[in-house]
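# An overview of the molecular structure
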Amino acid sequence: MIAWLVECGQFHSRSRFTSAAFQPPLLYTGVFTAMKNRQPIGILGATGMVGQRYIQLLENHPFFEITWLAASDRSSGKAYGEAAKWRLDTPLPERIARMTVSPAEPEGAPKVIFASVDAAIAREMEPKFAAAGCAVISNSSAFRMAPNVPLVIPEVNSDHLHLIEEQPWRKDSGGYIVTNPNCSTIGLVMALKPIEERFGIEQIFATTMQAVSGAGYPGVASMDILDNVVPYIGGEEEKMESETLKLLGALDGHAVKPLAAGMTAHCNRVPVIDGHTECVSIKLGKKLGREVTQEDILAAWAEFQPLAGLNLPFAPGQPVEWSALPDRPQPRLDRNRGRGMAVTVGRLRPCNLLDWKFVLLSHNTVRGAAGATILNAEMLASLGKLEPATAVATHV
Ligand SMILES: NC(=O)c1ccc[n+]([C@@H]2O[C@H](COP(=O)([O-])OP(=O)(O)OC[C@H]3O[C@@H](n4cnc5c(N)ncnc54)[C@H](OP(=O)(O)O)[C@@H]3O)[C@@H](O)[C@H]2O)c1
């Protein structure tokens, strides 16, 4: 386990308090290998909202190079530029526009797949790729709660990546599935992790105001969302409630023991293009042994830098950014902080029902989707987990 904590950076972050001179040697090997020789990656669901973000964010990535794009039968066989309705505000790279969309089959696909297809499709498709020896790094909810599948935010629980060794595909072909959480869960858990670590959390009450891009393209009809708020997003509240507790839980042998906290979520769709806002109240635990002050919470957020020094290109320097202004965070003004990978928190104040309340904001298709997968892949690369299983075995 210690080897895994070392590999995963968790031991490194805690060790700052025990041994300042500690250097985790294994962390860097994979990164340097990947940098010298970019890892070919494929995108499953390449024409969708999240697929397009991968393409935008991966242009000139130092570790990864897109060599394969796949989508549904509607798109397969066409040039990507023809198959995809490009919706982002940077030009579609020429090289990608000319690539032919492949059928969504493992034959001919590279060994690393960034997957962003609907959960029902992912449930069938992702195991096929894992069985064929691929590292499937997925955005879909299909396997997030499976006991042997890591649900990971690198800043929060990269030690949970150990669960890939519990997967049958890993043993048979070297393949595995790793998932990132739902787009509204990611922002919430990043803000909660430093608080949970220092003070403990007993209850969480979260209300979301979620952007329309979270529903994919074309998503919610304009006649339903303009001049309106829709107080229902199918399955979203259940996902937030279960995923939050798994992410904040502890790896316990062969599975994760969820955090023993009460959690409830209200999820709403609002007429914002990108950026999920959440109003959160929390009841704290007793880890500190005294009353927790506002300064304590601000310090926990400010000092939360668990990936510092790992040189992961998508890791934001300040994962949880505090805004002291009374009317922030706001989606239009704050969603691109940390190149879309940071969570902005503001309006921290006492709560009359629980202990503290605050507002947070995160970019749902960057931090909440494509950027989350890319950071998971960078973490896996840094651990040597994007290499074939036989090579990986020497690290474990
Ligand atoms: N949008 C977000 O903010 C967000 C955040 C977190 C997680 N996610 C998750 O990410 C996944 C994708 O979301 P999205 O917003 O990108 O959806 P989307 O815009 O609807 O895109 C869906 C993609 O899946 C492809 N596809 C559909 N049927 C397929 C099939 N039978 N075989 C292979 N590919 C197929 C589509 O290809 P065609 O163009 O050929 O139809 C398209 O590329 C979902 O599981 C979603 O829950 C989304």
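Everything quoted here is computed from the prediction, not taken from an experiment. (Residues numbered from 1 in each chain as written. Predicted model: local features only at pLDDT ≥ 70, side-chain atom pairs only at ≥ 80, totals over all residues. Heavy atoms only, no water.)

On to the sheet that holds strand S3 (residues 112-115), then. One open sheet accounts for five strands, arranged S2-S1-S3-S4-S5; its pairing is parallel. Where the open sheet ends on each side, the last strands, each with one partner, are strand S2 (64-70) and strand S5 (176-179). Across this sheet, the average inter-strand angle for adjacent strands is 25 degrees, counted without regard to direction. One ladder, built from three bridges, connects strand S1 (residues 39-44) with S3; its direction is parallel. Considered in S3, the bridge of Ile-43 is made with Phe-114. (Pairing = 2+ DSSP bridges. Helix = DSSP H or I, 4+ residues; strand = E, 2+ residues; numbered from the N terminus. Axes fitted to C-alpha atoms, helices over the stretch in contact; angles between N-to-C directions.)

What follows concerns the pairing of S1. On a regular strand, each side chain points to the face opposite its neighbour's, so the side chains alternate between the two faces of the sheet. Where burial is concerned, most of S1 is hidden: five out of the six residues are buried. As paired strands, S1 and S2 are joined by six bridges and run parallel to one another. Within the sheet, the bridge partner assigned to Ile-43 lies in S2 and is Leu-69. What joins S1 to S2 is helix H4 (residues 49-58), and the crossover it makes is right-handed. (Buried < 20%, exposed > 50% of the residue type's maximum accessible area, 1.4 Å probe, protein only. Right-handed = clockwise from strand over helix to strand, strands pointing away.)

All right, on to the sheet that holds strand S10 (residues 276-284) then. Pairing in this open sheet of six strands is mixed, and the strands run S9-S6-S10-S13-S12-S11 from one edge to the other. Edge positions in the sheet fall to strand S9 (262-269) and strand S11 (320-323), since each of these pairs with one other strand and no more. When strand polarity is set aside, the average angle formed by the axes of neighbouring strands in this sheet is 25 degrees. Strand direction decides the pairing type here: strand S6 (residues 201-210) and S9, joined by eight bridges, are parallel. Note that in S9 the partner of Ala-206 across the bridge is Ala-265. Sheet strands touched by helix H12 (residues 236-247): S6, S9 and S10. Its angle to S9, the strand with the most contacts, is close to 140 degrees. (Contact = heavy atoms within 4.5 Å.)

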